[in-house]
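Spelled out from the first residue to the last, the chains are:
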Amino acid sequence: MIAEQQLLTFLLDILAYFAIYLAVNTSLNLEYGLTGIPNFGKVLAVAGGAFVVGAIPGRVLANYLGILQGFKAVETNPALSVCREPLLILVKIKPKILEGMDYIEDNSVVGDCIRRVMANDPMLSVTLLVATVGLAAAVGAALGFVASYPAIRLREDYLAMTLLAMGEFLAQVGYLESNLVGGTKGVFAPDPYGWLGEYRITASQLVILLVALIFFFYMWQISLSPAGRVLKSIRDHEVAAEVLGKDVVRVKQKVLIVSSLMASVAGALWAFNSQSVIASNYDRFTWTFWPWVMVIIGGAGNYKGILLGTAVFVILRRTIDTYRYVLEPLIPFSLVWLDRLLFGIALIIVLIVRPQGILPDRPTPAIQKPYLRKIIETIRQQK
Amino acid sequence: MIIDPIIRDAVIFASMLSLLTLGLTLTYLTTKVPNFAHGSFASIGMMSMLTFTQLFGLNPYLSVIPIFFIGGGVALVLYLFVLRPLISREASFVSQMVATIAFELILVAVLNIYADYFTQTFKIQSRGFLIRRADVRIFDQPGVFIAAPTLAIAGVLILFMVLNKTRFGVGLRAAIENPPLAGSLGINVKRMYTYSWFIAGGLGSVAGSLLALWFQGKPDYGSTMLISIFAAAIVGGLQNIYGAVIGGYLLGFVEILGTRQLGLSIGPWMTVYRPLIPILAMAITLIFAPRGLAAVNWRGLFRYFVKGVGV
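As the structure is a computational prediction, the values presented were derived from the model and not from experiment.

**Student:** Any chance you could break down the overall build of chain B for me, citing the residues and the numbers?
**Tutor:** When its secondary structure is counted, chain B shows 12 helices and two strands. Listing the helices and strands of chain B from first to last along the sequence gives α-α-α-α-β-β-α-α-α-α-α-α-α-α. Computed over its C-alpha atoms, the radius of gyration of chain B comes to 20 Å, within 12% of the 19 Å expected for a compact globule of 311 residues. Within the span of chain B, comprising 311 residues, buried residues form 52% of the whole. Long-range contacts, defined here as pairs at least 24 residues apart, represent 74% of the contacts in chain B between residues at least 6 apart.

**Student:** Describe in detail the overall build of chain A, supporting the description with residues and values.
**Tutor:** Scanning chain A from N- to C-terminus turns up 18 helices and two strands. Judged by the C-alpha coordinates and their principal axes, chain A covers about 90 × 50 × 45 Å. Here chain A, with 383 residues, has 46% of them falling under the buried criterion. A sequence separation of at least 24 residues applies to 79% of the contacts in chain A between residues at least 6 apart.

**Student:** Explain the confidence of the model for chain A to me, and be specific about the residues and the numbers.
**Tutor:** Per-residue pLDDT for chain A has a mean of 86; in total, 100% of the residues score no lower than 70. Confidence, expressed as mean pLDDT per element, reaches its minimum in chain A at helix α4 (residues 71-76) of chain A with 71 and its maximum at helix α13 (residues 248-274) of chain A with 93.

**Student:** Residues and numbers for the interface of chain A and chain B, please.
**Tutor:** Counting from both sides, the interface comprises 36 residues of chain A and, opposite them, 42 residues of chain B. Mapped onto the side of chain A that touches chain B, the elements with two or more residues apiece are α8 (156-176), α14 (284-298) and α17 (335-353) of chain A. It is α8(A) that contributes the most residues to the side of chain A that touches chain B, 13 residues altogether. Split into classes, the residues belonging to the side of chain A that touches chain B amount to 26 nonpolar, five polar and five charged.

**Student:** Any details on unusual backbone geometry? Residues and values, ideally.
**Tutor:** All names here are of chain B. Here E90, not a glycine, exhibits a phi torsion of approximately 55°, which is positive. For E90, the location among the structural elements is in the loop between α3 (60-88) and α4 (93-122). Positive phi, close to 60°, is recorded for L238, a residue that is not glycine. With respect to the secondary-structure elements, L238 resides in the loop between α9 (221-236) and α10 (241-265).

**Student:** Could you give me a rundown of the packing of helix α2 (residues 42-55) of chain A against α8(A), with the residues and numbers involved?
**Tutor:** Helix packing geometry: the angle between the two helix axes and the distance between the axes. Residue and element names in this part refer to chain A. Contact geometry of α2 with α8 gives a least axis separation of 7 Å together with a crossing angle of 35°. Handedness of the α2/α8 crossing: left-handed. Only M166, G167, L170, A171 and G174 of α8 make contact with α2, whose side of the interface consists of K42, V43, L44, A47, G48 and F51. Looking at the contact of α2 with α8 residue by residue, the classes come out as seven nonpolar, three polar and one charged.

**Student:** Which residues make up the packing of helix α1 (residues 5-31) of chain B against helix α5 (residues 143-165) of chain B, and what values do they have?
**Tutor:** All names here are of chain B. In the contact formed by α1 and α5, the axes pass within 9 Å of each other and the chain directions differ by 30°. Overall, the two elements α1 and α5 adopt an arrangement that is roughly parallel. The handedness of the crossing between α1 and α5 is left-handed. Residues R8, V11, I12, S15, M16, S18, L19 and L22 of α1 lie in contact with α5, whose contacting residues are V144, F145, A148, P149, A152, G155 and V156. The residue makeup of the contact of α1 with α5, split by class, is 11 nonpolar, three polar and one charged.

**Student:** Let's hear about the environment of S148(A): which residues, and what values?
**Tutor:** Residue and element names in this part refer to chain A. In this structure, S148 sits in helix α7 (residues 122-148). By C-beta crowding, S148 is classed as buried, having 26 other C-beta atoms within 10 Å. Placed 65 residues apart in sequence, S148 and C83 show a C-alpha to C-alpha distance of 45 Å. The contact partners of S148, leaving out residues within four places of it in the chain, are L159, L163, Q253 and L256.

**Student:** So what about the environment of T285(B)? Which residues, and what values?
**Tutor:** Residues and elements named next belong to chain B. In this fold, T285 is placed in helix α11 (residues 276-288). In the structure, T285 is positioned 51 residues away from I234 in sequence and 7.2 Å away in space, judged by C-alpha atoms. Leaving out residues up to four positions away in the same chain, T285 has contacts with I234, V235 and G292.

**Student:** Tell me about helix α6 (residues 167-177) of chain B, and name the residues and values.
**Tutor:** Residue and element names in this part refer to chain B. Every buried residue of α6 is listed here: G171, L172, A175 and I176. Down the axis of α6, the buried set is contained in an arc of 135°. They therefore lie on one face. Along α6, exposed side chains directed more than 90 degrees from the buried face belong to R167 and E177. Looking at the packing, one finds that the buried side of α6 touches α1, α5, α7 (179-184) and α8 (189-212).

Here is what the cut-offs are and how they apply
Counting restarts for each chain: residues are numbered from 1 in the order of the written sequence. Working convention: letters from A go to chains and numbers from 1 go to ligands, in the order in which they are written. Only residues with pLDDT of at least 70 are given local features in this predicted model, and only at 80 or more are side-chain atom pairs given and counted; all residues enter the totals for whole chains, interfaces and linings. Runs of E in the DSSP output that reach at least two residues are strands. Runs of H or I that reach at least four are helices, and both are numbered from the N terminus. This radius of gyration counts C-alpha atoms alone. The globule rule is 2.2 Å times how many residues there are, raised to the power 0.38. For the exposure call, what matters is how many other C-beta atoms sit within 10 Å of a residue's own: 20 or more marks it buried, 12 or fewer exposed, and in between partly exposed, using C-beta atoms placed from the backbone. We call two residues in contact when the distance between their C-beta atoms, placed using the backbone, is within 7 Å. Think of pLDDT as the predictor's per-residue confidence, scored from 0 to 100. Three classes are used: nonpolar for Ala, Val, Leu, Ile, Met, Phe, Trp, Tyr, Cys and Pro, charged for Asp, Glu, Lys and Arg, and polar for all others, with Gly counted as polar. Under this scheme, a helix contributes an axis fitted over its contacting stretch, all axes are lines through C-alpha atoms, and angles between N-to-C directions fall in the 0 to 180 degree range. Note: crossing handedness is left-handed where the near helix turns anticlockwise from the far helix by less than a right angle, and right-handed where it turns clockwise. Just so you know how the angles are binned, under 35 degrees is roughly parallel, over 145 roughly antiparallel, 65 to 115 roughly perpendicular, and the rest oblique. The directions from the helix axis to the C-beta atoms are what the arc is built from.

In structure tokens form, the structure reads like this:
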């Protein structure tokens, strides 16, 4: 029974990681696989979305409910009756919170109170979820536009350098600036699934999976559509696309806006899922390099490749992570570095030996295959 | 002589940044792909300096010589075993960039593994270490304060002499300018590129090793410095090694002094936004002068603004 429970947790864990990375990889595939934009700053949009979750809804709610005015305000507000009891104990330890609370400094107290309020209010929870994700999407789109603006007209290496620098900038600021998302200590994220009780984790994971599948379906359909062929023409030969009247810069900008929006929504949902935002979790390795590894190993441009790459990578990494305790005593260093080392080597080998990935991208027919066969049949019969 | 410590920070940082930028530009000229692992060469230098001075008790300025060869050797591994196979298979620019990123992943991992091992085995701190005490004093100043700018300027002068006055340098320039033509004249282009990668890696490591004598060292110092290196290279134009040195010095000084100035005039919380300075410099350069300072028509600008004549 316990073993089954463990297995189930393990599978759900893999599913959550699969879903989140599917969403991020889908957005990267839209950029790199279809359009050829080397976005080495994927972390920018993901962290942007997560930081929105950490910085904004909690503050808004705390202000709206008046928690920040201190315990006296909490006592008089009937909506906050749920957090009276725990606060009563806390006041004895830390009398300062009688007068007022600081959002960052007393983050755990404020967070706990908000969580209690939200657990009893499904309406508020859902509204908050939708509003925050919408805001994160807008912020992500804006980040995608702004970050790429200086270099979008230049050669791809300038764009790559600029995007990497922008992503690194946001990650560093998030880590060092304590007013944004608490810096090194992190902040709580409001829990919009709290009212579901014990099903909250499952619900959150299902929401991520659903969103990831929507993104994936969108990317897949784009890749089959005329718009997808425009993107691929830009990837394969920018000048040729320009000669045929496509505004390459505009198309690239649009792609970056849409894909950053996707990544940002993914980041926001991930922050809600993990119930906290710690800036050091949003680093270049986790949210830029791993997606690149997955997209390239799976096969950039091919939607099946993205699914395969994500699945293989996530299962491998989660398995290593879960059995960490078996391996850890055997090696004299942290296991984190070992999987970076191994996947770095794997990526280089794949790039040299099979640069198109496991499932290479193939030209998509303008007409679906069954129709094509039917047309060929009719032509043959006419002869 | 009393010197404001911030000036020391700025001089050392700017000198070493210009050496790193020089290396990045040198490799960019050969393969036309920015090396995303270049920052980590500085980290290699840092960790080597820690090992040589703390473990072997070597003089820091003698250690610079082996460190140059270590960095150069790692750069050769990247060029010969990663980039050259990719180039010979006609891989795209993006694939080559991803390969350098993957190499950075490997370097950071190896350096961190080394740091873990180092701390466990020798009980010496390897993250956030300060080894200023290993430095010698010259003219009652910390040695690195004199050595860093001297080395940077000497490096540029030597490179200038080599590139312009020797057969090797002329061959290297020819191989960069026009590889097929240089090849037809009997210059071994691939070997020339190999040399420039070796020099770039070596200079990067030496820069990192001297940075370790002044700033707090850690195995991923170079990765975080990558923004500054890229910004300096872009300001310098990415196509010109002298532009790279100017860009490195300019941005190094602006980054350190500008951060302090912002902290003083707006508030200490501004210092967190230090990376904003190289990013803004990068964005402004890319928007207004994408080919860098070296390519700006200064005389024309002067005439336009001062004498009012059209550019």
